[in-house]
Amino acid sequence: MVVLREGASVWVDSGIGVPIGAEVKLTDKGQLQLIDDEGKEHKINKKKEASLRLMHPTSVKGVDDMIRLGDLNEEGLLRNLFIRHKDGIIYTYTGSILVSVNPYQVLPIYTTEQVHLYTDQRLGELPPHVFAIADSCFFNMRRSRKDQCCVISGESGAGKTESTKLVLQFLAAVSGQHSWIEQQILEANPILEAFGNAKTIRNDNSSRFGKYIDISFTTSGAIEGARFEQYLLEKSRVCRQAAEERNYHIFYCMLMGMTAEQKKILSLGNASQYHYLTMGNCTSCEGRDDLKEYAHFRSAMKILMFSENDWWEISKLLAAILHLGNMAFEATISNNMESCEILPSSHFTVASTLLEVDPRALEQSLIQRSFMTTKESVTKPLTSAQALDGRDAFVKAIYGRLFIWVVDKINSAIYKPPPDDANYIRQSIGLLDIFGFENFKHNSFEQLCINFANEQLQQFFVKHIFKLEQEEYARENIVWELIQFKDNQRTLDVLANKPLNILCLIDEESHFPKGTDTTMLLKIGSNHDKGDVYLPPKNNHDTTFGIQHFAGVVHYESKGFLEKNRDALSADLIQLVDTSSNKLLKQAFKNELTSGTIINTTNPKLMITPKNSLRQATDKKRVLTLSGQFRQSLDALMKTLTACQPYFIRCIKPNDFKKPMLFDRELCIRQLRYSGMMETIRIRKAGYPIRYTFEEFMERYRVLLQTSVCEPRTQTTQRCCESICENILMEGDWKTGKTKIFLKDFHDTMLEVERMKELNKKALLIQKVLRGYKFRKNFLRKKASALVIQKHWRGHQGRKLYRVVQLGFTRLQARVRARQLRHRYEQQRVAVVVLQARARGCLARRAWTWQRQAVVLLQAHTRGMLARKTVHKMKRDAFLSAKERRDEEEVLRRFRTDPRKLPPHQVEVDAIEQNSAQIFHKVHFPNDTEEVFEVATGTRIRDLVQTISSKLMLASADGFSIFVKTPDKVLSLNEADYFFDSLRQITDWSKKVKTTREGGLNNISYMVFFMRKLWFNVIPGRDLQADLIFHYPQELPKYLRGYHQVSRADMISIGALLFRVKASNDPAQLPMIPKMLKELVPNDQLKAMSADEWKKNIVAAFNKQAGMSEGETMVAFLKAVCRWPTFGCAFFEVKQTSDPNFPDIVRIAISKQGVTLINPKTKDILASHPFNRIANWCSGSTYFHMTVGNLVQGNKVLCETSLGYKIDDLLTSYVNMYVNETRAMKSRNRRYN
Ligand SMILES: Nc1ncnc2c1ncn2[C@@H]1O[C@H](COP(=O)(O)OP(=O)(O)OP(=O)(O)O)[C@@H](O)[C@H]1O
Ligand SMILES: [Mg+2]
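Calculation criteria
Residues numbered from 1 in each chain as written. Chains lettered and ligands numbered in written order. Predicted model: local features only at pLDDT ≥ 70, side-chain atom pairs only at ≥ 80, totals over all residues. Heavy atoms only, no water. Core = buried A, V, L, I, M, F, W, Y, C linked by side-chain atoms within 4.5 Å. Buried < 20%, exposed > 50% of the residue type's maximum accessible area, 1.4 Å probe, protein only. Helix = DSSP H or I, 4+ residues; strand = E, 2+ residues; numbered from the N terminus. Contact = heavy atoms within 4.5 Å. Pairing = 2+ DSSP bridges. Axes fitted to C-alpha atoms, helices over the stretch in contact; angles between N-to-C directions. Salt bridge = Lys/Arg side-chain N within 4 Å of Asp/Glu carboxyl O. Phe/Tyr/Trp six-rings, centres within 6.5 Å; stacked < 30°, edge-to-face > 60°. Near = heavy atom within 4 Å. Polar contact = N/O pair within 3.5 Å; in protein donor to acceptor, adjacent residues only side chain to side chain. Areas by Shrake-Rupley, 256 points an atom, 1.4 Å probe, with all protein chains shown as cover. Nonpolar A, V, L, I, M, F, W, Y, C, P; charged D, E, K, R; others polar. Donors = N, O, S within 2.8 Å, 3.2 Å for Na, K, Ca; no water.

Caption draft 1: Examining the nonpolar core more closely. With 114 residues, the main nonpolar core has F195, F251 and I314 as its most contacted residues. The element best represented in this core is helix 14 (residues 384-414), accounting for 13 residues. Not counting the four nearest positions on each side in its chain, I314 is found in contact with F195, M301, F306, L402, W405, V406 and L584. Membership of the second largest hydrophobic core comes to 73 residues, among which are V151, I450, V494 and M638.

If you want it as structure tokens, here you go:
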């Protein structure tokens, strides 16, 4: 009873007769279920559980050599191949037999590296490989000086031919000569494949013949030559192909590859035009390039010494075959007999031309047949069906013989018969690539031959294996009774060995002219129906019989057996060949033409048959039947093989679809049964199937050893093994050899069960100890950890308390010290105060005394001076009259002030005319307001500025100036001049200009302005009056003209301020922003955003700002502007030519900082010149010029401008201001010093 555990592997019934491997898995619900190798789930019930068997450990993962499988049965083998195939491992050993599963994909295991890897290695040292077998062949041949052979078998498509080629290539490589002969041997394959291979439904490149390659080596191991033997080419394929199948490759290659010229000579078209090439409805083969193959084939022919002419002759015969195939017969009646005639067509004439025969003779031999009566020869017309059969037979004969001719030709190139020298030793390796056992729906004569061959090979194989087994026992000194194994000798006897065997009876019947398939069947029946090998037809109408082959029963259809076996060509056709002048054709038929089959025209016979059909015919002239020929060559082959040491490669086809990674278990088990692998197993089972080397055994079952009985340290491994067996298996039938222990199947099971039990016991013990150890360790660790924690915690607490105490002491100390210090300080302070009071008193008294003395002195001197002055006046008064005194006063006044320079101004004149005592004049302010002020004749500008400033209540008059605006100029008035003089000077000058321009004398209009001229000490918010009347109105236009460099955020918030001023704080006007943008935003920046965006942003800024009065808003504007370096500047746009690095138009800004040159486009500062650096400047009516820095090497700035006078004046004013200031500062400093 199997104990199921998760992960255990078991065998479970699969329904195809062979159990399948399965693994025990736990379902999601926690129940056990089985998942088999194909992924199918199986429920586990009581019944199933009873049928389950535990898988041997070797079957779980698979093994390289299946002999080592514990489950040495069909399922074990199958699963081993299956799991390896799944892993892409196609080769597996069964002892020295290589099982090769067709991968149906190109694997990277055939490289030169692999060849080197496997060269000179013992079998089994490396993973199984076809190269290992080839190497072993080669090595054994050289070591034992015995011929070797390698029998490669398997179903169609299993990979026999590919394996054969691989072995051949490996041998060529290890022979290592790189010789011409090696090349020739390798290149023989493409030629043979072109003629002998075809696409079938099983295999795109199916070999339709068997072959044996005998490769001979010199004693030094170099390939010397080779010989190809061919068996039983499937000739019927030339005339007939099943659906989806093709004729032999050569036809398609030829039609693809020949030049148009050659094809024209042979009157060839393409494959679809030929009856013989299209019966399978398939002219191309996927994955095969006929054109490329043709080129390959042609070069192979050259290597194998086929001349151009040879090929041309071959092509002629092949073309003739195709043309013959396209001929048609028409049934007719002549002389009251069914007859036929050939329908006229070019194909017929071309065929006769190519065969180089007389067309009439060809026609005759195809539509009638000669007979030999006792006296004379007569001819009988053939029906169209018979004629067709005759033609096909002719074609098959031509092709079959051509194939043999080609093989002979190849052999003549690569095979050298051994010299007569007796000392000459030649070793060989033979490779047999032969059709495997066949069992189709309809099996015919060919299948019988093939299966017969396979019976022979099976016998050979079984004997060999049996022998190996015997050898193994002998090697190990095992005494044993003879093992029984399933022998197929009886089948072979019935088929070919016994007197009156089946093949012999078929042959015999073939030689009777009156023999038919039915008479043949009767004869076989009467001789063999007693045994169990021959299975007679079920009834009288049944024409099939069965044979019990080693691989199963095969039913054969007896119809057509004799015809096929005779393989005869009508004498008329042989006669025709004889008349041909085609050399190749005659050479191919040379056997027939020389063996006397050829009938002299006077005595034509249908066939040579012995007069008396003796069972053991001795007639030398007797032509061999097909089976006769085949047996002959097979006998020769068996003889060769028996003389060799054999290797077996069993090719397995994993599926019928030529697909990689697909493993059809049913198909594979069938092949395993055919391949004789089971035979090996049976033989082994009969003996001692389970064998371990002592070391292996000990390794696995050491646990069962009772050390009290047998101590492994003192005893040998063998003794220990025996001790285990004695203990567990008691007196059972097990044996120990020299190196191995031999067991029966059930011994293995017993050992396994005991081992499991023992292991469980030991496992429990180990678990117990381990758990104890684990928990104790854990406990000790925890205990140690607790100690560590305690230690650290106590330490921590102690330190904490200590710190608190320490802190307390520190504080106590501090207090005490502070008290002491304070006490000392108080004492000192009192002392110092007393000292100070005394000292100050002393100093004060001393100073007072000193001052008092000075005052007294000053008083004395002043009083003296006054007294002297009074005395002096009194003296003069005594001499001068009163009038003289008045004159003198007038002169003095005149001298003190300088007089007016110009005649009175019109305004003054007007005032005198109107008898007005006072003159008033209107003065304008930048905020568009105006006011009148009294101006006397003697009022100077300076006085007027003072008057206006105080009237306006400005904090200071500094920096303000009077301007006069005429139609073309604005002039600043010099503060030292008389107001009316300046006015008259300007009006006179303007008049002069005007008269010259306009030729008339008019009153000149002018306006007097009061504005800030010099911007220094201007701090917004400090002098509100000045901010509102002057600063705001003067700065705003500069801002709007875009003279400043302003960030976008500033523009937006300033925009909002300006809006506030314009709209008198009224949010209702916000929607008007786009219309008033020009008054809110620097005009050069209007396009930086769309009007709507400006609006959106300004509105947002407006809403963010706190509410303020108009004045506050203006101040806020000024505060924003005054942050910029260009605040308070006067700007002049001028054209410059002095510096090529500057743009043509530059902006000059003048402020208290000095003169700055600005790029008007980017607003970048180009240059700044503080006033103290400006050495010189001057202006004219169209220019302004300035020298900066050192005069010798100073920069010159020359600008074209009409405002030169203004720049000049402003510069002068600023410079004067600085000069005055410096002067004032100096005197101030002097005074203080
Ligand atoms: N070792 C291999 N590696 C890759 N592909 C292989 C291998 N062996 C066989 N094949 C593939 O299988 C196909 C059939 O192989 P092959 O012609 O050797 O079969 P076969 O046993 O000779 O069949 P037939 O009896 O019909 O001649 C090859 O054409 C190839 O595609
Ligand atoms: Mg093949």
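Caption draft 2: Molecular detail of the sheet that holds strand 31 (residues 1145-1151). Taken in spatial order, the seven strands of this open sheet run 33-32-31-30-36-35-34, and their pairing is antiparallel. With one partner strand each, in any of the chains shown, strand 33 (1165-1169) and strand 34 (1174-1179) form the two edges of the open sheet. Strand after strand, the sheet turns through a mean of 30° between neighbouring axes, direction not considered. One ladder, built from two bridges, connects strand 30 (residues 1130-1136) with strand 36 (residues 1195-1200); its direction is antiparallel. The partner of K1135 across the bridge, within strand 36, is E1200.

Caption draft 3: Geometry of the pattern of salt bridges. On inspection of all chains with the given rule, the structure shows 55 salt bridges. In this structure, E229 and R227 form a salt bridge, with 3.9 Å as the shortest nitrogen-oxygen distance. For E229, a relative accessible area of 28% gives the class partly exposed. Residue R227 is classed as partly exposed on the basis of its relative accessible area, which comes to 31%. The partner of D733 in a salt bridge is K735, and the shortest N-O contact between them spans 3.4 Å. Using a relative accessible area of 23% as the deciding quantity, one classes K735 as partly exposed.

Caption draft 4: Just the packing of aromatic side chains, in detail. Within this structure, the stated rule accounts for 39 aromatic pairs. For the ring pair F460 and F648, a centre distance of 5.9 Å and an interplane angle of 55° mean the geometry is tilted. Of this pair, F460 sits in helix 15 (residues 445-475) while F648 sits in strand 21 (residues 645-652), and the two are 188 residues apart along the sequence. With respect to class, F460 is no different from F648; both count as buried.

Caption draft 5: Region of the structure containing the pairing of strand 16 (residues 377-381). As judged from the five bridges shared by strand 15 (residues 368-372) and strand 16, these two strands associate in the antiparallel manner. Its bridge partner lying in strand 16, M372 is registered against S377. Taken together, strand 15 and the strand that follows it, strand 16, pair antiparallel across an intervening segment of four residues.

Caption draft 6: The site of ligand 1, seen in detail. Of all residues adjacent to ligand 1, which total 17 residues, the nearest are S156, K160, T161, S206 and S207. With respect to ligand 1, the side chain of N102 contributes an N or O atom lying 2.7 Å from an oxygen atom. One of the backbone N or O atoms of E162 is found 2.8 Å from an oxygen atom in ligand 1. Considering ligand 1 on its own, with 620 Å² of exposed area, one finds that the protein chains cover 85% of that surface. Contributing elements (two or more residues each) for the shell around ligand 1: helix 6 (160-175) and strand 10 (206-207). At three residues, the largest contribution of residues to the shell around ligand 1 is made by helix 6. Taken together, the residues of the shell around ligand 1 sort by class into four nonpolar, 10 polar and three charged.

Caption draft 7: Here's a closer look at the coordination of the magnesium ion (ligand 2). Distances from the magnesium ion (ligand 2) to its protein donors, namely T161 (OG1) and S207 (OG), fall within the range 1.8 to 2.0 Å. Here T161, found in helix 6, pairs with S207, found in strand 10; they are 46 residues apart in sequence, far enough to count as distant. The class for T161 is buried, based on a relative accessible area of 10%.

Caption draft 8: Molecular detail of unusual backbone geometry. Non-glycine residue E356 carries a positive phi angle of around 55°. Note that E356 resides in the loop between helix 12 (346-355) and helix 13 (359-367). Although it is not a glycine, N1017 adopts a positive phi angle of roughly 55°. Residue position: N1017 is located in the loop between strand 29 (1007-1012) and helix 33 (1024-1040). For N1017, a relative accessible area of 64% puts it in the exposed group.

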